[in-house]
Amino acid sequence: MRLMSAQELVLKKRTDILDALCSSGSAEHLERVLDVLLAQGELTWEDYQNVQVPGRALYTNARQLLDLVYAKGVDTCGIFFAALKQVLPEVQGAGFSSLSSCSNVEEKEETHGTSAQTLLTQRPSLIYKLQDCIDGALKALVQSGHFTSADFDPVQLPIYTPTQQEAGSSLNEEKLTPPKEVLKYQKKLSSSVCAQSCFLSTYGGTSHMSLDDIYTEGQLELAHECVDVQGPLGLEDIVGTVGTVNEEADTVLVCGEAGSGKSTLLQRLHLLWARGAALQYYLLLFPFSCRRLNSEQRELSVQELLFQHCCWPDREQEEIFQFILDHPHLILFTFDGLDELKQSFSDEHRLCCPTQRAPVHILLFNLIQGSLLKGVRKVVTSRPEAVGPVLKKHLCKEVLLKGFSPNGIDCFVRKHHSDPTVAVKVLESLQANTALLGLCHSPVLCWIVSQCHKELLGCGEGSPQTITDVYLMILQHFFQRQSPPKSTVRLGWQQGHLETILHLGQLAFEGISTTCYIFSGADLEKCDVTEKDICMGFLTQSKDMSSSHSKCYEFLHVTMQCFFAALYIVLSSHTDRYAIPKLFELQELRDTGVSSMCFRSCLPSTDQEEQIVDSEHAVAETPNLQITATFVSGLLSQRHQSLWLHCCSTAMVEKKARQVARCLSKGMQKHFKSIPQPVQGEKKSMHAMPGFVWLIKCIYEMQESRIAKEAMSKLQVDHLKLTYCNIGPVECTALAYVLQHLRNAVGIQLDNNSVGDVGVEQLLPCMHICKSLYLRNNNITDEGIHKLIAKVIQCDNFQKIALFNNKLTDACTQHFSHLLKTRQDFLSLRLGNNNITEEGAKQLAEGLKSNHSLKHLGLWGNKIGDVGAEALASALENSDTLLWLSLVGNGVGSEGAYALANIIRNSTSLEELWLTENCITRAGVECLIEALEHNTHMKSVWLRNNDLSLEEVKEMAQRESRLTF
């Protein structure tokens, strides 16, 4: 018999090897094997780091090693087994009898090579020798000057200090009574937090809007699926244990697009804590704004960061800080706007000493990753573009904030207007304009629409359609509010305020270019911003953390800053002629690291010289530049060009509009050229890159069908995949506007987004070019399905739909039944993991009786039971088209199985029947076996996890090989 090679053995014994390396729960065995492979030269440092990823599951790291070893070939596999035998001698007798034929680990000579090579080749023995004298070795290296304190910290990085461990264990035994000074400080801190949180601090900051009066909950979802979550997430679930994916981490990320309500959500959390209404298991809460931390130029310790930036203790600062160190689980930090920090997140510079001073961003990064104050719960908000894999490995969970639901829009508008009749009129206007209703899922846009209700209700058929329309409306609203009516009639609101637009535009443009969101008096003076400009209401006063003596200002919202930057690009004659091309090329320049410098070159030369000094810390944020580009597209659309007739030359505006059109065309072509050729026998598919949706939104803002037609004429694919692309109602509107111009029908896959019912309605204009529609996990209800089916029933190309994990009930099945009766070319219906019961199954059965085309029917994860299964079986038993039927996890018992056996017995087409995770007993399976005797074309019946004993499973699997248990 041929002996297996070491490489073959890695595959065959993979499960045993993983168990040997990981079953103890400690990473020690894996690390020792890695040390040996490094010493033998079989792994490079890059290999080692790819395997040992901090925060990743032990089994995942071990699997990565096995994949790597196998890929390196027979010799490496042999040395791996020798290393395994050395680290775990007991594996020799645990099913690894072939190990004796593998290579041996050779002891390397200590006298050859450089010191660095010796450290590598002698790594296993050196680690063993250093175990009991690491402190002495570190002290000697520091004293000799070979190590600095910065080198010292990562080696001595503690998980918990002894005091913390002692405090933690004692807390389990008895309730902690904090010292009197800590309780006094808690009272002062909560009073300070309450004062900062009681009024809306973002776009409503100028109107002193009470947070209690206006706060409306947004849609919160876990980024990862969690079976324990029933219903929507609440505010306290953000910091709770629900949805935790990494129990070793302390940081929760709340992720959402610009304007989705992240800052307001944190503000609400702060206010509830300060009032004692929530989060009372946290004794102290420290809120931070990353935007304001940008202003801090000094190096600080953690203690200075907490007390100087949040609330200063009147006395006993050291005692209070020691309490924080000893009881980290009682402390909550919040960091708002990580994406606005000038530095990108990095875990390279480790710091573990809470009294050591460091730049603020270094402190922040080490707090997030747990090197500092391990055990303190941290809640961080950010836009998704700023969250990379380096940050994600330090998260205990990620929560997605997806703006307002339809009910949330209704609630917010009613709260915003004290006069209920005005609120009703605004809501009626939104219902009549679904594009605008889609925009209002973004809280900031909902606020603008509510704020501008007079303009909205007076615009008739010219109601806003695009984001640019909405921001032009707020611009007009603010200007007309500050100006006498006669002056605006005489000049036009935009011409009458051109100087203000250019002053604020330059301030916004330079801020966006250099990641600056808080402006000093000197910044305002440099851009000629006057007191009159400030009084218009677009800027709000901001407390500058580095100086309490000078006034500082910020735009009402970052999107407002982007809008004014776009106005400056469009209207100013001082911007570089390449400003627009550089703005639109940033997506492709992003990976090179030169995008911010390219865009900064659009500033006047004197500004470039000033900015270059601080270039290391002034990196323009791609998301904000993309928002700016979207506004530029809208402002230069033909429908808005007339606004600028008296503000700048027509020739300049038209030239810039042509630049935008060329940039959009060029950008789309680059995406299309990147589409790989399909594998033989498969359809050509395009998986949208991050910039694709942005370009689509820019084309929509221009509202020129010519550009959309030209772009789509070059897209030749069968399937368009847009999963996990943050697609909401706004994006659906833009997609439909552009995709309706496709020449050939395509499959559109929008799984795992935030489409919702409003988004479904926005997609309807492009349904005529849709062959198949995938909308899994999109918060769609029966109402959305009603509108969708009414449309697609008229679309000849439409043949498939998948709606797994939405919010559908029996009410939707009457619409699908109608579809099945009407369309004799419909092929696939998948409605898994919804709330369909036996009544819904009966409705579907009525449609199935009349249908002679359906090939795939998926109803897994519903509640149809035996009665529902019997109804479906009766409708399908003579089908000559159905190939695949899934009723997994539906509470189907033996009576249902008996009915389904009739399909097997009579159908001439069915190949697969999925009945996994039901409650079928032996009697039911016997019926299925008997039916299979009359069916030779059936391929498999899946029956895992039913009410069967191991003996019954074994016996029946032997009797019928097509049963899969």
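Within an unreviewed UniProt entry, the label attached to the chain reads Nucleotide-binding oligomerization domain containing 2, and the organism entered is Amphiprion ocellaris. Reading the Sequence similarities (unreviewed entry) entry of the UniProt record for the chain gives the comment "Belongs to the NOD1-NOD2 family."

To continue, consider the overall build of the chain. Scanning the chain from terminus to terminus reveals 50 helices and 21 strands. Counting the 965 residues in the chain, one finds 55% classified as buried. Restricting to contacts in the chain with at least 6 residues of sequence separation, those with at least 24 account for 77%.

Here we come to the packing of aromatic side chains. By the definition in use, this model includes 28 aromatic pairs. Look at Phe563 and Phe564: their rings are 6.2 Å apart centre to centre, the planes differ by 75°, and that puts the pair in the edge-to-face class. Accessibility classification places Phe563 together with Phe564 in one group, the buried group. Three or more aromatic residues joined by ring pairs make a cluster, and in this case those are Tyr471, Phe478, Phe479, Phe519, Phe538, Phe555, Phe563, Phe564 and Phe631. Against the face of Trp884 rests Arg830, its NZ or CZ located 4.6 Å from the ring centre.

Here the focus is the pattern of salt bridges. Close approach of charged atoms allows side chains of opposite charge to pair. In this structure the tally under the stated criterion is 36 salt bridges. Close ionic contact of Asp347 with Lys393 constitutes a salt bridge, the shortest N to O distance being 3.3 Å. Taken together, the residues span a long stretch of sequence, with Asp347 in the loop between strand S5 (331-336) and strand S6 (358-359) and Lys393 in the loop between helix H20 (389-392) and strand S8 (395-401) at a distance of 46 residues. With its nearest N and O atoms 3.0 Å apart, the salt bridge here joins Arg639 to Asp469. Of the two residues, Arg639 is situated in helix H38 (residues 638-641) and Asp469 in helix H26 (residues 467-482); the sequence distance between them amounts to 170 residues. On the basis of relative accessible area, Arg639 is assigned to the partly exposed category, the value being 36%.

Moving on: the sheet that holds strand S19 (residues 912-914). Spatial ordering of the open sheet is given by S11-S12-S13-S14-S15-S16-S17-S18-S19-S20-S21, a layout of eleven strands whose pairing is parallel. Where the open sheet ends on each side, the last strands, each with one partner, are strand S11 (685-687) and strand S21 (963-964). Two strands pair when backbone bridges link them, and strand S18 (residues 884-886) and S19 are joined in this way by three bridges, in the parallel orientation. Residue Trp884 lies in a different strand from S19, and its bridge partner there is Glu912.

Structurally, the position occupied by Ser301 is in the loop between strand S4 (299-300) and helix H17 (302-309). Residue Ser301 is classed as buried on the basis of its relative accessible area, which comes to 6%. Excluding residues within four positions of it along the chain, Ser301 makes contact with Pro354, Thr355, Gln356, Arg357 and Leu363.

Another aspect to go through is the environment of Lys425. Along the chain, the position of Lys425 falls in helix H22 (residues 420-432). By relative accessible area, which is 49% here, Lys425 ends up partly exposed.

Attention now moves to empty space enclosed by the protein. In total, this model carries one cavity of 30 Å³ or more according to the counting rule given. Along the wall of the largest cavity there are 16 residues; nearest its centre are Tyr215, Thr216, Thr264, Phe404 and Pro443. Of all elements in the fold, only helix H13 (211-214) and helix H15 (262-274) reach the threshold of two or more residues within the lining of the largest cavity. In terms of residue class, the lining of the largest cavity is built from ten nonpolar, six polar and no charged.

This next bit is on the packing of helix H43 (residues 756-763) against helix H44 (residues 782-792). A pair of packed helices can be characterised by two numbers: the angle between their axes and the separation between those axes. Packing of H43 against H44 brings their axes to within 8 Å, and their N-to-C directions diverge by 10°. Our classification of the angle between H43 and H44 gives roughly parallel. Contact residues: Asp757, Val760 and Glu761 in H43; Glu783, Gly784, Lys787 and Leu788 in H44. Class assignment of the residues belonging to the contact of H43 with H44 gives a composition of two nonpolar, one polar and four charged.

Across the six residues that make up S5, a large majority, six, are buried. Neither face of S5 is left uncovered, since the one carrying Ile331, Phe333 and Phe335 and the one carrying Leu332, Thr334 and Asp336 both have all their residues buried. Of the pairings in the sheet, the one linking strand S3 (residues 284-289) to S5 comprises six bridges and is parallel in character. Looking at the pairing, Leu284 lines up with Ile331 of S5. Note: S5 against strand S7 (residues 377-382), four bridges, orientation parallel. When the bridges of S7 are listed, Leu332 appears paired with Arg377.

On to the sheet that holds S8. Pairing in this open sheet of six strands is mixed, and the strands run S1-S8-S2-S7-S5-S3 from one edge to the other. A single partner strand is all that each edge strand has here, and the edge strands are strand S1 (220-222) and S3. Each strand of the sheet is rotated relative to its neighbour by a mean of 20°, with strand direction disregarded.

Here helix H12 (residues 180-197) crosses H15 at 140°, and the two axes come no closer than 8 Å. Between H12 and H15, the interaxial angle falls into the category oblique. The chirality of how H12 crosses H15 is left-handed. Contacts between H12 and H15 involve Leu189, Ser190, Val193, Cys194, Gln196 and Ser197 from the first element and Gln267, His270, Leu271, Trp273 and Ala274 from the second. Tallied by class, the residues present in the contact of H12 with H15 amount to six nonpolar, five polar and no charged.

Further remarks concern the pairing of S3. For S3, the buried fraction is high: six of the six residues fall into the buried class. Taking every second residue as pointing to the same face, both faces of S3 are buried, with Leu284, Phe286 and Phe288 on one and Leu285, Pro287 and Ser289 on the other.

On to H22. What sets the pattern is the α-helix's 3.6 residues per turn: residues three or four places apart point alike. Taking 1.5 Å as the rise per residue, H22 with 13 residues should run 18 Å; its terminal C-alpha atoms sit 18 Å apart, in good agreement. All of the buried residues in H22 are Val422, Ala423, Val426, Leu427, Ser429 and Leu430. Projected down its long axis, H22 shows its buried positions confined to an angular sector of 155°, all on one face. Away from its buried face by more than 90 degrees, H22 exposes Pro420, Glu428, Gln431 and Ala432. Buried positions along H22 lie against helix H21 (406-416), helix H23 (434-439), helix H24 (443-451) and helix H25 (453-457).

With respect to burial, helix H19 (residues 360-369) is a largely interior element, ten of its ten residues being buried. Inspection of H19 places Val360, His361, Ile362, Leu363, Leu364, Phe365, Asn366, Leu367, Ile368 and Gln369 among the buried residues, and these make up the whole buried set.

The next thing to look at is the nonpolar core. Note that soluble globular proteins tend to have their nonpolar side chains buried in a common cluster. Of all hydrophobic cores here, the largest spans 264 residues; its most connected members are Phe286, Met767 and Phe816. Sorting elements by how many residues they give to this core places helix H32 (residues 558-571) first, with eleven residues. Discounting chain neighbours no more than four positions away, the residues touching Phe816 are Ile785, Ile789, Ile801, Leu803, Leu829, Leu831 and Leu844.

Here is what the cut-offs are and how they apply
- Residues numbered from 1 in each chain as written.
- Predicted model: local features only at pLDDT ≥ 70, side-chain atom pairs only at ≥ 80, totals over all residues.
- Heavy atoms only, no water.
- UniProt positions renumbered as here; feature names shortened; annotations may be inferred.
- Helix = DSSP H or I, 4+ residues; strand = E, 2+ residues; numbered from the N terminus.
- Buried < 20%, exposed > 50% of the residue type's maximum accessible area, 1.4 Å probe, protein only.
- Contact = heavy atoms within 4.5 Å.
- Phe/Tyr/Trp six-rings, centres within 6.5 Å; stacked < 30°, edge-to-face > 60°.
- Lys NZ or Arg CZ within 6 Å of the ring centre and 35° of its normal.
- Salt bridge = Lys/Arg side-chain N within 4 Å of Asp/Glu carboxyl O.
- Pairing = 2+ DSSP bridges.
- 1 Å grid on protein atoms, 1.4 Å probe; cavity = no way out; pocket = protein on both sides within 12 Å on 5 of 7 lines; lining within 4 Å.
- Points joined across faces, edges and corners; volume = space filled by probe spheres on them.
- Nonpolar A, V, L, I, M, F, W, Y, C, P; charged D, E, K, R; others polar.
- Axes fitted to C-alpha atoms, helices over the stretch in contact; angles between N-to-C directions.
- Parallel < 35°, antiparallel > 145°, perpendicular 65-115°, else oblique.
- Left-handed = near helix turned anticlockwise from the far one by under 90°.
- Expected span 1.5 Å × (residues − 1).
- Arc of directions from axis to C-beta.
- Core = buried A, V, L, I, M, F, W, Y, C linked by side-chain atoms within 4.5 Å.

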